[in-house]
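Single-letter residue listing:
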Amino acid sequence: SDPTAMAHNVAGLVGLPGVQWTLSSNVGLWSHCFQRAGRYDGVESGVEIRTTAFASSRYAMARPAYPEVCNEVTPAVVPQALVSWRPAPWIAIGAGLLTPAGIGSQRFPDRVETPVGLAPSPARYMVLTTGVVIVHPTLAVAVAPFPWLRVGAALQPSWGRFQGETMANAIGSQSPATDVRTAVDASAFFWAGNLGVMIQPHPSLTLGVHAHLNATPIVFTGSSTATVRPYASDPARMHRSTFQSEVTLPLPSLVRVGVRYASLRAGAPADSASRDPMRDEVFDLELDVHFENSSVLNQVVTRSQGNVEVEPGMGSPATPEVTLRRGWRDTWGLRAALEVNAVPNTLALRAGVSWDLGAQTGERTLGGRTVPWNPDAGIDTAGYDTVGLSVGASARWRWLTVDLAYQHLFLSGQDVQQGRATTVSGTAPITAEDCARGPGYPGPGACTNNQGVFRAAYDVFALGITARH
């Protein structure tokens, strides 16, 4: 019932009379924590702290249990600006900027306090910061060839930016003295689009199908900045260098099927495309089922060209390719919602519930056996089983409508009892055999840095303003 139809079902555009524009934004508060299993590797595994910020700490000797680390909870703003125009009852066009709802960014500490002193973050070899921004400039058209049928399509020449920071280790151990901090900043252009169909078999009943399609995989190109000895106690010993990088990131596509029942007021138009829900309906119920081919995000590959300088004029080639396994699965979810027009054409109240299967949770195969967790799980993504509760309201005054909403997402997290994410080495890949060799080799923690308990929660506040002319 407003131009955000371009995101939910683009066929709905042809139900918007005149010229309408919408400005809206979601503001999300994302909490994500990781309690790594086990204890810090110590000096017997090559951990050196004498030249680092941890020189006065006893963590490498006492080997305390890993503390829990959590991201900084900061507001993530996801804005949208859209306009639609229906020059004739059977056709409408729309344009604007759509930004998909999501986590946006995360930032984890690179050092933590333990009972025996300061220590490097137990999650630093997974991720320290992440940031993905996607903008879909959208051009859309919808037609109603028959009163009972609406069809729409949108073309989206899209832009994305990927930023991330993580740690590698020059020799593969968990020694802060040989850590290398790498920050990637890359962008990409890609094509996406929406398709939508609405069928009205009865005046009170509407069936809908919507698909969002991404051209995939997306190759983000840009640069990486490597900081050698980022934990050095003497900042003069840190050294930064930049080289070219590209990140290949597959993006899933989505298909949604929905059914909507509306209780009509006396005199309401039989054709749903001619109705104004706040004016012509008493209430409506909607049920949606959606599917995402999330398994395309099986791995993220970073390729680099150039040198990592240890000192001015001295260095070694950047690791040419790093493959991070993610092991995602295809997902599906349910949405159910009720809207009541408490004061016709003035105030609408709504509530909803949602359920989603997590892309990075559930059973996987590990060592030839089935386990109830994902051994490739990471804290850079948030694909957990999710239950959401939502409430909202719309208030209209003449040609202006204000929408408010709040949603809380309960996320299952997961307990990875055996992980297989290894520390990235600047020389040769670290294997489980390396970690099991004993003193003088990388310790066991270098091969299981994602092993532990993940937990998360998400709150979303939304505000939208729609004007009709």
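Above this text sits the structure in question.
Residues numbered from 1 in each chain as written. Predicted model: local features only at pLDDT ≥ 70, side-chain atom pairs only at ≥ 80, totals over all residues. Heavy atoms only, no water.

1. Some words on the overall build of the chain
When helices and strands are tallied, the chain shows four helices and 27 strands. Over its C-alpha atoms, taken along the principal directions, the chain stretches across nearly 85 × 40 × 40 Å. Put simply, the chain has 469 residues, and 48% of those count as buried. Considering only residue pairs separated by 6 or more positions, the chain has 74% of its internal contacts joining residues 24 or more positions apart. Counting every atom, the chain has about 21000 Å² of accessible surface; 63% of that belongs to carbon and sulfur. Treating the 34 positive side-chain charges of the chain as one cloud and the 36 negative ones as another, the clouds have centres 1 Å apart. (Helix = DSSP H or I, 4+ residues; strand = E, 2+ residues; numbered from the N terminus. Buried < 20%, exposed > 50% of the residue type's maximum accessible area, 1.4 Å probe, protein only. Contact = heavy atoms within 4.5 Å. Areas by Shrake-Rupley, 256 points an atom, 1.4 Å probe, with all protein chains shown as cover. Lys, Arg positive; Asp, Glu negative; His and termini not counted. Charge placed at Lys NZ, Arg CZ, Asp CG, Glu CD.)

2. Brief notes about the environment of Thr 422
Note that Thr 422 resides in the loop between β26 (414-416) and α4 (432-435). When sequence neighbours within four positions are dropped, the list of residues in contact with Thr 422 reads Ile 430, Ala 446, Cys 447 and Asn 449.

3. Describing the nonpolar core
Phe 34, Tyr 59, Ile 379, Leu 411 and Phe 454 are the most contacted members of the largest nonpolar core, which has 33 residues in total. In terms of residue count, strand β27 (residues 452-468) provides more of this core than any other element does, four residues in total. Contact partners of Leu 411, with chain neighbours within four places excluded, come to Trp 30, Ala 382, Tyr 384, Asp 385, Thr 386, Ala 456, Ala 457 and Tyr 458. In terms of nonpolar packing, the next biggest core, distinct from the first, is built from 16 residues, Ala 192, Ile 218, Val 247 and Trp 328 among them. (Core = buried A, V, L, I, M, F, W, Y, C linked by side-chain atoms within 4.5 Å.)

4. Considerations on the pattern of salt bridges
All told, the structure shown has 23 salt bridges when counted by the stated rule. Here Arg 329 and Asp 385 are joined by a salt bridge, their closest N and O atoms 3.7 Å apart. In this pair, Arg 329 sits in the loop between β19 (321-325) and β20 (331-343) while Asp 385 sits in the loop between β23 (369-371) and β24 (386-397), placing the two residues 56 residues apart along the sequence. Taking relative accessible area as the criterion, Arg 329 reaches 22% and is therefore assigned partly exposed. Residue classification places Asp 385 among the partly exposed positions, given a relative accessible area of 26%. Linked through salt bridges whose partners overlap, the residues forming this network are Asp 110, Arg 111, Glu 165 and Arg 181. (Salt bridge = Lys/Arg side-chain N within 4 Å of Asp/Glu carboxyl O.)

5. What about the packing of aromatic side chains?
This model, assessed by the stated rule, comprises 12 aromatic pairs. Centroid distance Trp 332 to Trp 355: 5.0 Å. Interplanar angle 65 degrees. Geometry classified as edge-to-face. You can see Trp 332 sitting in strand β20 and its partner Trp 355 sitting in strand β21 (residues 347-356), a full 23 residues away along the chain. Taking the relative accessible area as the measure of exposure, Trp 332 reaches 39% and is therefore partly exposed. On the numbers, 5.0 Å between centres and 40 degrees between planes, the contact of Tyr 406 with Phe 461 is tilted. Taken together, the residues Tyr 406 in strand β25 (residues 400-411) and Phe 461 in strand β27 connect sequence positions 55 residues apart. (Phe/Tyr/Trp six-rings, centres within 6.5 Å; stacked < 30°, edge-to-face > 60°.)

6. Thoughts on the side chain of Ser 25
Structurally, the position occupied by Ser 25 is in strand β1 (residues 18-36). A distance of 3.5 Å separates a polar atom in the side chain of Ser 25 from the backbone oxygen of Val 78. Leave out the neighbours within four places in its chain, and Ser 25 touches Val 77, Val 78, Pro 79, Phe 461, Ala 462 and Leu 463. (Polar contact = N/O pair within 3.5 Å; in protein donor to acceptor, adjacent residues only side chain to side chain.)

7. Structural notes on the environment of Asp 380
Residue position: Asp 380 is located in the loop between β23 and β24. Owing to a relative accessible area of 24%, Asp 380 belongs among the partly exposed residues under this scheme. Filtering out sequence-adjacent residues up to four positions away, Asp 380 remains in contact with Gln 106, Val 127, Thr 130 and Arg 326.

8. Thoughts on the state of the cysteines
The tally for this structure, following the rule as stated, stands at two disulfides. Sulfur-sulfur distance for the disulfide between Cys 33 and Cys 70 comes to 2.0 Å. Since a negative S-S torsion denotes a left-handed disulfide, the Cys 33-Cys 70 link at about 110 degrees is right-handed. A residue pair is termed long-range when its members are at least 10 positions apart, and Cys 33 in strand β1 and Cys 70 in strand β2 (residues 68-70) qualify at 37 residues. What connects to what in the chain, once the bonded cysteines are numbered by sequence position, is 1-2, 3-4. (Disulfide = S-S within 2.5 Å.)

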